[in-house]
Amino acid sequence: IRFPYYIDAPGGTLSLDDRIVVENGRKINGSLNLVYVLELEATIPTLLVSAFNKDWDVIKKEEIIPTNESDEDVIARGKLTLKESINNAIVYAYKKANKKVEVKEELIYVTYIHELAKTDLKVGDRIVKIAGNDITDAASIANIISNYEVGEKIEIIVEANNKKQTKYFELINYENEKKIGINLSTILEYETEQKVKFKYSDSESGSSGGFMNTLYIYASLIEEDIIKGRKIVGTGTISKTGVVGEIGGIEYKIKAANKAKADIFFVPVGSNCSAAKNIKEEKGYNLNILCVSTFDEALEYLKSN
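Since we're looking at a predicted model, the values are computed, not measured.

Quick word on the pattern of salt bridges
Then, in step 1: For the structure on display, the rule yields 12 salt bridges.
Then, in step 2: R19 is the partner of E204 in a salt bridge, and the nearest nitrogen-oxygen pair spans 2.9 Å. Placement of the pair is E204 in the loop between strand 14 (196-198) and helix 5 (210-221) and R19 in the loop between strand 1 (2-15) and strand 2 (20-22), with a sequence separation of 185 residues. When sorted by exposure, E204 lands in the same class as R19, which is buried.
Then, in step 3: Residue D134 pairs with K129 through a salt bridge whose shortest N-O separation is 3.0 Å.
Then, in step 4: Given a relative accessible area of 31%, K129 falls into the partly exposed group.
Then, in step 5: Ionic contacts of the salt-bridge type, sharing partners, join the residues E102, K104 and E191 into one network.

Written as structure tokens, this is what we have:
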């Protein structure tokens, strides 16, 4: 018997040694780890456990899956954001390590459709053209829609299931701005000399491992030992310019980091940082929390400590 709820709980840590292989990369002196949230479907057994375990929270299904989306949409979004995160990590780490990397193309995908949007776009559609204009990056979309007014119907060419399709959207007024009503992911197509292989399972998705993926790849490419035998746990997205972004589930992830006895727990600046520090104080954790807004900030700390 299943119920319209999910259970969120502290997960654990995952060693990136088991997830990433950098061709001819240097062996890292220490341990770099992702931290994850355990998410379970609500069944009679899991609801019973949650009733007695204060770390297990019951979440309404609509808080996980929007009412205008299917389970397949959520899965597709998770896979797209994971790929975006991985490719951002590779490209940024190679550039930072002064290794050869060439970005061949930027592919723009639909990852979320707002309930107010007026469109037949689907999660997973790759945007090829808008109003006859080739789309080469997300900025080009903003430039195109600036020439149209709210309510205008605009033709859009997408690729889905390896086929070109003609679709449409109407511009809407959202918070006094012209919007399509969708979120996008930019997936970089790149080429490097040293190949990087990721070994994520089918059940793993999302962008919250981006920062730590970047750190692992970078540490594998350079000669300097910046990890120095430490056990580092971290979370946060990574942009193609090295900005570390906030993530969900920090209240569960800090518990997992503390349980793993991490020497350093990297957390994005902002609400993630304040929440993590509040929980550390409430629980009395002996955990070194470092809040960073960019990859460079983390790198500066590791090199100087």
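Still more to cover.
Points about a nonpolar patch on the surface
Then, in step 1: There is a patch of nonpolar side chains on the surface, built from I1, F3, Y5, I44, L48 and V58 and spanning about 570 Å² of accessible area.
Then, in step 2: For I44, the location among the structural elements is in helix 1 (residues 44-52).

A word on the sheet that holds strand 19 (residues 289-292)
Then, in step 1: Strand order in the open sheet made by the six strands is 4-1-3-15-18-19, with mixed pairing throughout. Across the chains shown, the open sheet's two edge strands, defined by having one partner strand only, are strand 4 (57-60) and strand 19. Across the sheet, the mean angle from the axis of one strand to that of its neighbour is 35 degrees, orientation sign disregarded.
Then, in step 2: Alignment of strand 1 against strand 4, held across four bridges, turns out to be antiparallel. Across the sheet, residue D8 finds its bridge partner in strand 4, namely D57.

Brief notes about the state of the cysteines
Then, in step 1: With the rule as written, the count across this model stands at one disulfide.
Then, in step 2: Each sulfur of the disulfide joining C273 and C291 lies 2.1 Å from the other. Its torsion about the S-S bond being 85 degrees, the disulfide of C273 and C291 is classed as right-handed. Taken together, the residues span a long stretch of sequence, with C273 in helix 7 (residues 271-283) and C291 in strand 19 at a distance of 18 residues.
Then, in step 3: The exposure class assigned to C273 is buried, which follows from its relative accessible area of 11%.

What to know about the pairing of strand 3 (residues 31-43)
Then, in step 1: Where strand 1 and strand 3 come together, 10 bridges link them in antiparallel fashion. Note on strand 3: the bridge partner recorded for I7 is L40.
Then, in step 2: In this structure, strand 3 lies alongside strand 15 (residues 231-234), joined through four bridges in parallel fashion. In the sheet register, L32 faces strand 15, and the bridge partner there is I232.

Quick notes on the pairing of strand 5 (residues 101-113)
Then, in step 1: Taken together, the 11 bridges between strand 5 and strand 13 (residues 182-192) define a ladder with antiparallel strand orientation. Its bridge partner being in strand 13, E102 is matched across the sheet by E191.

Examining unusual backbone geometry
Then, in step 1: The residue N24 is not glycine, and still its phi comes out positive at about 60 degrees.
Then, in step 2: In this fold, N24 is placed in the loop between strand 2 and strand 3.

Quick word on the packing of helix 6 (residues 250-259) against helix 7
Then, in step 1: Following both chains from N to C, one finds helix 6 and helix 7 inclined at 50 degrees, their axes separated by 9 Å at the closest point. Judged by the inter-axis angle, helix 6 sits oblique to helix 7. Regarding helix 6 and helix 7, the two cross each other, and that crossing is right-handed. Facing I250, E251, I254 and K255 of helix 6, the residues of helix 7 in contact are N272, A275, A276, I279, K280 and K283.
Then, in step 2: For the contact of helix 6 with helix 7, the per-class residue count stands at five nonpolar, one polar and four charged.

Criteria and cut-off values
Residues numbered from 1 in each chain as written. Predicted model: local features only at pLDDT ≥ 70, side-chain atom pairs only at ≥ 80, totals over all residues. Heavy atoms only, no water. Salt bridge = Lys/Arg side-chain N within 4 Å of Asp/Glu carboxyl O. Helix = DSSP H or I, 4+ residues; strand = E, 2+ residues; numbered from the N terminus. Buried < 20%, exposed > 50% of the residue type's maximum accessible area, 1.4 Å probe, protein only. Patch = residues over 30% accessible without salt bridge, like charges linked within 9 Å, V, L, I, M, F, W, Y side chains within 5 Å. Areas by Shrake-Rupley, 256 points an atom, 1.4 Å probe, with all protein chains shown as cover. Pairing = 2+ DSSP bridges. Axes fitted to C-alpha atoms, helices over the stretch in contact; angles between N-to-C directions. Disulfide = S-S within 2.5 Å. Parallel < 35°, antiparallel > 145°, perpendicular 65-115°, else oblique. Left-handed = near helix turned anticlockwise from the far one by under 90°. Contact = heavy atoms within 4.5 Å. Nonpolar A, V, L, I, M, F, W, Y, C, P; charged D, E, K, R; others polar.

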